[in-house]
Amino acid sequence: MIKHRGRLFDWRILLLGVALIVTGSTVSSSAIQVRAEADKELAHILSVVQVKPNPDLTMEPTVGKGGLVTSPDRKYSTYILCVPLPTQDDPERCAHRVHFEENTKPRPATISQIRGEEALQEVTRPVDNLKWVNAFTLSYERWAGPHFGHRYVINVQTKKQVAAYDLFG
């Protein structure tokens, strides 16, 4: 026979039951293993060009955040803009371009745009995992399919590409 131990015991059972219902199970793993290998051929395909800000372009959202990602020291900001790239087949086509700027007042007259993926036809694919590695190093990914992509690393102080990686997932 089970003894009744009082109110505290009842609450523990109830809270444990609610926790199991909310999480769905006691053990879950949603981590995806991604293997990255350095790619020396892609390590210098990107360039940084100065462009004038265009208020008509829309800022694309990034995963888990709004569209703007600020460096840890808040000196730089980066974002993705959908730059029009129409064709006869698709007049609404756009190129997802990574832009960054220094956070100064007044706002700078030009902003920096990262270019160079045209050779790989990746420019129309969305940018994933836009993040700051440290206060001046920017990293982002473009996936060619569900199991293959590239990660690019850029130093925003020198405006040079630092590295590139092939991603296998």
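All residue numbers refer to position in the chain's written sequence, counted from 1. Reporting of local features is limited, given that this is a predicted model, to residues whose pLDDT is at least 70; pairs of side-chain atoms are given and counted only at 80 or more, and all residues count toward the totals for whole chains, interfaces and linings. Side-chain numbers here rest on the full set of heavy atoms in the structure, without hydrogens or water.

### Quick word on the confidence of the model for the protein
Here comes step 1: As a per-residue measure, pLDDT tells how confident the predictor is, with possible values from 0 to 100. Taken as a whole, the protein shows an average pLDDT of 80; of its residues, 78% reach a score of 70 or greater.
Here comes step 2: Low confidence marks residues 8–30, where pLDDT is under 50. Its contacts with residues over four positions away, or in another chain, come to 3 contacts. Residue contacts follow a heavy-atom distance rule, with two residues in contact if any of their heavy atoms lie within 4.5 Å.

### Examining the sheet that holds strand S9 (residues 137–143)
Here comes step 1: Strand order in the open sheet made by the 5 strands is S1-S11-S10-S9-S8, with antiparallel pairing throughout. Pairing within the sheet leaves two strands with one partner each, and these edge strands are strand S1 (35–38) and strand S8 (127–132). When strand polarity is set aside, the average angle formed by the axes of neighbouring strands in this sheet is 25 degrees.
Here comes step 2: Whether two strands pair depends on DSSP finding at least two bridges between them. Secondary structure follows DSSP: runs of H or I at least 4 residues long count as helices, runs of E at least 2 residues long count as strands, and numbering of each begins at the N terminus. Across 4 bridges, S8 lies against S9 in antiparallel orientation. Bridging across to S9, Val127 finds its partner in Arg142. Fitted lines through C-alpha atoms give the axes, limited to the stretch in contact for helices. The angle between two N-to-C directions lies from 0 to 180 degrees.

### Examining the environment of Leu167
Here comes step 1: Tracing the sequence through the fold places Leu167 in strand S11 (residues 160–168).
Here comes step 2: Contact partners of Leu167, with chain neighbours within four places excluded, come to Val34, Arg35, Ala36, Glu141, Trp143, His147, Phe148, Gly149, His150 and Arg151.

### Concerning the environment of Gly145
Here comes step 1: Of note, Gly145 is situated in the loop between S9 and strand S10 (148–155).
Here comes step 2: Relative accessibility decides the category of a residue: with a 1.4 Å probe and only protein chains considered, values under 20% of the type maximum give buried, values over 50% give exposed, and everything between is partly exposed. For Gly145, a relative accessible area of 25% gives the class partly exposed.
Here comes step 3: Gly145 sits 24 residues away from Gly169 along the chain, and the two C-alpha atoms are 9.6 Å apart.

### Looking at the state of the cysteines
Here comes step 1: Here, two cysteine sulfur atoms that lie within 2.5 Å of each other are counted as a disulfide. Per the counting criterion, the structure on display carries 1 disulfide.
Here comes step 2: One disulfide in the model links Cys82 with Cys94; its S-S distance is 1.8 Å. With the S-S bond torsion at -110 degrees, the cross-link from Cys82 to Cys94 turns out left-handed. Of the two residues, Cys82 is situated in strand S5 (residues 76–84) and Cys94 in strand S6 (residues 94–102); the sequence distance between them amounts to 12 residues. Across the pair, exposure class does not vary: Cys82 and Cys94 are buried alike.

### Looking at the nonpolar core
Here comes step 1: Put simply, a nonpolar core is a bunch of buried Ala, Val, Leu, Ile, Met, Phe, Trp, Tyr and Cys residues held in one set by side-chain atoms that sit within 4.5 Å of each other. Val98, Ile114, Leu130, Leu138, Tyr140 and Ile154 are the most contacted members of the largest nonpolar core, which has 18 residues in total.
Here comes step 2: Elements that contribute at least two residues to this core include exactly S5, S6, S8, S9 and S10.
Here comes step 3: Among the elements that take part in this core, S8 stands out by supplying 3 residues, more than any other.

### What to know about the pattern of salt bridges
Here comes step 1: When a carboxyl oxygen of Asp or Glu lies within 4 Å of a side-chain nitrogen of Lys or Arg, that pair is called a salt bridge. What the rule picks out here adds up to 4 salt bridges.
Here comes step 2: With a closest N to O distance of 4.0 Å, Lys75 and Glu102 form a salt bridge. Of this pair, Lys75 sits in the loop between strand S4 (69–70) and S5 while Glu102 sits in strand S6; the two residues are 27 residues apart in sequence, bridging distant segments of the chain.
Here comes step 3: In this structure Lys75 comes out as partly exposed when scored by relative accessible area, which is 37%.

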